[in-house]
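Notes for the structure review
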Amino acid sequence: MSISRTAVAVLVTLVASVSVGSVGSAQERLEVFTTIDAFTGIVEVDATVSGFGRVRNVTPIPPLLFDFTWAGPTPLAGGRFIVWGPLLAPGLVVFDRRTRAILQTGYRGSGASTDLIADPVRPLLFVRGDTAITMIDARDLSPRVVYQLATGETITAVAPASEAGLIFVGVSDFRGGPASHRIDVVDLVTGATVRQLPRPDYTASLEASSDGNRLWALTRVLFSIGNLFALDPQTGANLGAAPFLSPAFSVDRARNLVLVTDYFGEYLRALDGDTLAERWRTRVDLPVSLRGHRSATQALEGRWMTGAYGVHMEERGDGVCQDVSIAAISPDGSRRDVVDLQRAIGRSGVGCWAFGVTERSPFPPAGFAATVTGDTVALSWRDPGDVTEFELEFGFAPGQRVGALRLGAAPAITFPGVPPGTYYLRVKAVNEVGASPASNEIRVNVR
């Protein structure tokens with residue numbers, strides 16, 4: 001892509017104090033899929049967050065699917081895509097928030113034994129079966145088997161680390177005698193096992209950092225009772241441990257926190273990602289909650305809000321939905337705000353189910369650099385993912401902003417005919433939620 005000499009001259013010389021097409025700072029918002037009563041289907045609720053801890057504009061969106069699901073919904077990278085597997089429709093269903101389009105992959109899982117695992121940084125979905133893992137790219141809906149067991153062993157957990165080109169796979173062998181357990185480290189392109197990490201216990205759930213340098217494993221002893229371990233991804237050695245009384249956990253990779261809830265969903269805890277030592281805990285259910293009823297809380301990290309969220313659901317003893325709510329948590333663990341979603345949605349009935357998704361503006365572009373050839377300036381940077389377009393900021397002194405220009409979605413651009421001078425440039429990534437923080441600033445001299 002190129003811009004004419006005239007356009008550049010106008011931008012540089014005539015906007016000394018004007019901001020062109022400016023976008024705001026990093027943002028995020030919450031969406032919660034809910035099911036209240038068996039026949040209401042899945043309803044998406046947009047809960048916009050303005051400044052940390054204030055949840056507002058809770059508005060129901062028309063139902064996406066009137067059907068039970070065998071898997072999901074599962075959010076993919078950046079919150080753009082949601083994937084789930086309906087019982088009565090063929091294949092997985094992909095919902096694109098930008099276009100509001102509902103797509104179908106044609107891929108069908110194997111019922112209750114199938115899990116959907118989302119890549120945290122790319123729109124990739126990993127479908128775990130008992131003996132195979134299939135990867136689906138949400139952008140073109142193309143499925144590809146990336147791992148296959150042929151020995152009668154069982155896949156128990158999957159954690160992608162796509163930036164490292166790896167997936168971590170929990171494997172157990174229950175055939176005859178004492179069961180054996182391990183974690184296979186698999187090349188994402190070839191499907192070859194790079195190394196094996198022996199484990200003493202059944203691995204019920206795995207999480208990994210996208211660069212493959214951190215690994216967390218939940219081992220199951222009885223139902224939801226087990227232990228959570230921080231592991232060395234090279235050797236499988238335990239680096240930290242914590243007792244665990246919850247069916248799942250999530251990882252806030254930006255702040256190296258592991259978020260867990262207690263068995264009844266009453267408290268949300270933040271653990272240090274290296275040692276699993278507790279940093280804080282806070283109560284996330286509503287004060288009206290009654291003990292002894294079915295209760296659960298999903299831990300959901302915030303990227304830009306530097307806190308966390310708890311999506312809570314609770315049923316009465318007779319199965320009637322008692323509570324679906326969001327709690328916003330400060331970085332120190334104090335509860336900032338609670339919103340009653342059930343009342344906002346205006347639904348009641350038998351059964352509660354809710355799953356929260358964080359939609360985010362992108363990470364800042366990295367590696368911003370320039371090449372100057374005569375009066376032509378070529379700019380390039382790394383695409384952080386989940387981007388609809390980029391914005392270039394420019395000024396004549398460090399940190400100064402005298403204008404901005406929308407560039408499109410390509411992570412490179414060339415400006416011919418740039419007038420002589422010294423320019424200070426930064427680039428931001430933008431999606432439907434908002435803009436990222438600025439990249440590194442570069443100085444460009446044109447003679």
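Conventions and cut-offs
Residues numbered from 1 in each chain as written. Predicted model: local features only at pLDDT ≥ 70, side-chain atom pairs only at ≥ 80, totals over all residues. Heavy atoms only, no water. Helix = DSSP H or I, 4+ residues; strand = E, 2+ residues; numbered from the N terminus. Buried < 20%, exposed > 50% of the residue type's maximum accessible area, 1.4 Å probe, protein only. Core = buried A, V, L, I, M, F, W, Y, C linked by side-chain atoms within 4.5 Å. Phe/Tyr/Trp six-rings, centres within 6.5 Å; stacked < 30°, edge-to-face > 60°. Lys NZ or Arg CZ within 6 Å of the ring centre and 35° of its normal. Pairing = 2+ DSSP bridges. Axes fitted to C-alpha atoms, helices over the stretch in contact; angles between N-to-C directions. Polar contact = N/O pair within 3.5 Å; in protein donor to acceptor, adjacent residues only side chain to side chain. Contact = heavy atoms within 4.5 Å. Salt bridge = Lys/Arg side-chain N within 4 Å of Asp/Glu carboxyl O.

Brief notes about the overall build of the protein
Along the backbone of the protein there are two helices and 35 strands. For the protein, buried positions account for 53% of its 447 residues.

Some words on the nonpolar core
The tendency in soluble globular proteins is for nonpolar side chains to be buried as a group. Core analysis: the largest hydrophobic core is formed by 21 residues, its most contacted members being Phe368, Leu379, Trp381, Leu407, Phe415 and Leu425. Contributing elements (two or more residues each) for this core: β30 (376–382), β31 (389–395), β32 (403–408), β33 (412–415), β34 (421–430) and β35 (442–446). Of the residues forming this core, the biggest block, four residues, is contributed by β34. The next biggest cluster of nonpolar side chains, apart from the first, holds 16 residues, and it includes Ile326, Val339, Leu341 and Cys352.

Concerning the packing of aromatic side chains
For the structure on display, the rule yields four aromatic pairs. Seen in terms of ring centroids, phenylalanine 396 and tyrosine 423 are 6.1 Å apart; in terms of plane orientation they differ by 50 degrees. Their pairing is tilted. Of the two residues, phenylalanine 396 sits in the loop between β31 and β32 while tyrosine 423 sits in strand β34, which places them 27 residues apart along the sequence. Since its relative accessible area comes to 36%, phenylalanine 396 is described here as partly exposed. Grouping aromatic residues by their ring pairs yields a cluster made of Phe368, Trp381 and Phe390. A cation over a ring is seen here: arginine 199 above phenylalanine 229, with NZ or CZ 5.3 Å from the ring centre.

Regarding the pairing of strand β10 (residues 132–137)
Put simply, side chains in a regular strand alternate between the two faces of the sheet. Across the six residues of β10, six count as buried, placing the element largely inside the fold. Burial of the side chains of β10 extends over both faces: Ala132, Thr134 and Ile136 are buried on one face and Ile133, Met135 and Asp137 on the other. As defined by bridge partners, strand β9 (residues 124–128) adjoins β10 across five bridges and the pair is classed as antiparallel. Each residue of the ladder has a partner; that of phenylalanine 126, found in β10, is methionine 135. Remark: three residues form the turn of the hairpin made by β9 and β10, two consecutive strands paired antiparallel.

Structural notes on the sheet that holds strand β20 (residues 249–252)
Pairing in this open sheet of four strands is antiparallel, and the strands run β20-β21-β22-β23 from one edge to the other. Both outer strands of the open sheet, β20 and β23 (278–283), are each paired with one neighbouring strand and no more. For this sheet, the mean inter-axis angle between neighbouring strands, taken without regard to orientation, is 20 degrees. Relative to strand β22 (residues 267–272), strand β21 (residues 257–261) runs antiparallel, the two being bridged by five bridges. Among the inter-strand pairings, valine 260 is bridged to a residue of β22, identified as arginine 269.

Examining the side chain of aspartate 184
Mapping aspartate 184 onto the fold places it in strand β14 (residues 180–187). Looking at aspartate 184, the relative accessible area reads 1%, which means it is buried. Side-chain polar atoms of aspartate 184 contact the side chain of arginine 182, separated by 2.7 Å. A polar contact is formed between the side chain of aspartate 184 and the side chain of glutamine 196, at a distance of 3.4 Å. Sequence-distant contacts of aspartate 184, that is, excluding residues within four places in its chain, are made with Tyr147, Ile167, Phe168, Val169, Val171, Thr193, Arg195 and Gln196.

A few points about the sheet that holds β30
Overall, antiparallel pairing links the three strands, which are arranged β29-β30-β33 in an open sheet. With partners counted over all chains shown, the strands left at the sheet margins are β29 (366–373) and β33, one partner each. Shown here is a sheet whose adjacent strand axes are inclined to one another by a mean of 15 degrees, direction ignored. Of the strand pairs in this sheet, β29 and β30 are connected by six bridges, and their pairing is antiparallel. Directly across from alanine 366, in β30, lies its bridge partner arginine 382.

A look at the pairing of strand β7 (residues 101–104)
The sheet contact formed by strand β6 (residues 93–96) and β7 spans four bridges and is antiparallel. Across the sheet, the residue bridging to valine 93 is glutamine 104, located in β7.

Structural notes on the pattern of salt bridges
Taken as a whole and judged by the stated rule, the model has 15 salt bridges. Note that arginine 269 is salt-bridged to glutamate 278, the shortest N-O span being 3.3 Å. The partner of arginine 426 in a salt bridge is glutamate 393, with the nearest N and O atoms 3.0 Å apart. One end of the pair, arginine 426, is in strand β34; the other, glutamate 393, is in strand β31, and 33 residues separate them in sequence. For the pair arginine 426 and glutamate 393, one class covers both residues: buried. When salt bridges that share partners are traced, they join Glu389, Glu391, Glu393, Arg401, Arg406, Arg426, Lys428 and Glu441 into one network.

Observations concerning the environment of phenylalanine 355
As for its position among the elements, phenylalanine 355 is in strand β28 (residues 352–360). Residue classification places phenylalanine 355 among the partly exposed positions, given a relative accessible area of 23%. When the C-alpha positions of phenylalanine 355 and methionine 313 are compared, they lie 9.3 Å apart, and in sequence the two are 42 residues distant.

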